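One letter stands for each residue in the lines below.
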Amino acid sequence: MLREPAELRVDDHGRVELPIGLLAEAGIAPGTDLLAFSDGDGRIVLRRAEDAMRDLLERGEL
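Quick notes on the rules
- Residues numbered from 1 in each chain as written.
- Predicted model: local features only at pLDDT ≥ 70, side-chain atom pairs only at ≥ 80, totals over all residues.
- Heavy atoms only, no water.
- UniProt positions renumbered as here; feature names shortened; annotations may be inferred.
- Helix = DSSP H or I, 4+ residues; strand = E, 2+ residues; numbered from the N terminus.
- Salt bridge = Lys/Arg side-chain N within 4 Å of Asp/Glu carboxyl O.
- Buried < 20%, exposed > 50% of the residue type's maximum accessible area, 1.4 Å probe, protein only.
- Contact = heavy atoms within 4.5 Å.
- Patch = residues over 30% accessible without salt bridge, like charges linked within 9 Å, V, L, I, M, F, W, Y side chains within 5 Å.
- Areas by Shrake-Rupley, 256 points an atom, 1.4 Å probe, with all protein chains shown as cover.
- Pairing = 2+ DSSP bridges.

Feature annotation in UniProt places "domain: SpoVT-AbrB" (unreviewed entry) on residues 5-51, given in this structure's numbering. Along residues 5-51 the backbone is 19% helical and 28% strand, and the end-to-end C-alpha distance reaches 24 Å.

Here it is, written out as structure tokens:
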């Protein structure tokens, strides 16, 4: 399901708040460990650390 994009702003400390609905839809709960990396072209990807580590071990990629 695609949702309407949420307009966000980076604060003076480089932080961004993500809407709880967006996090819930992605299966990210409070306390979830995440990995963040740039995917180029202005995109930043957040992955659950457990998923990224599993993919790294099984497929050799994040």
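A word on the pattern of salt bridges. Counted according to the given criterion, the structure contains six salt bridges. In this structure, D11 engages R15 in a salt bridge whose closest nitrogen and oxygen atoms are separated by 3.1 Å. With its nearest N and O atoms 3.3 Å apart, the salt bridge here joins D51 to R54. Note that D51 and R54 are positioned in helix α2 (residues 49-59) at a spacing of three residues, about one turn of the helix. Shared partners join several salt bridges into a network, and the residues in it are R47, R48, D51, R54, D55 and R59.

So, about unusual backbone geometry. Negative phi is the rule for most residues except glycine; trans is the rule for most peptide bonds. Phi angles above zero are rare outside glycine, and D41 is one such case at about 55°. For D41, the position within the fold is in the loop between β1 (34-40) and β2 (43-48). Relative accessible area serves as the criterion here: at 72%, D41 is assigned to the exposed category.

Looking at the element boundaries, V10 is found in the segment before α1 (20-25). Separated by 26 residues in the primary sequence, V10 and A36 place their C-alpha atoms 15 Å from one another. Apart from the residues within four sequence positions on either side, V10 is in contact with R15 and V16.

What follows covers a nonpolar patch on the surface. Nonpolar side chains collect at one region of the surface, where L8, V10, V16, L18, L22, L34, I44 and L46 lie side by side and expose about 670 Å² of accessible area between them. By the secondary structure assignment, V16 is in the segment before α1. On the accessibility criterion, V16 (39% relative accessible area) is partly exposed.

On to the pairing of β2. Where β1 meets β2, six bridges bridge the pair, whose relative direction is antiparallel. Counterpart to L34 in the pairing with β2 is R48. Remark: two residues form the turn of the hairpin made by β1 and β2, two consecutive strands paired antiparallel; D41 in that turn has positive phi of roughly 55°.

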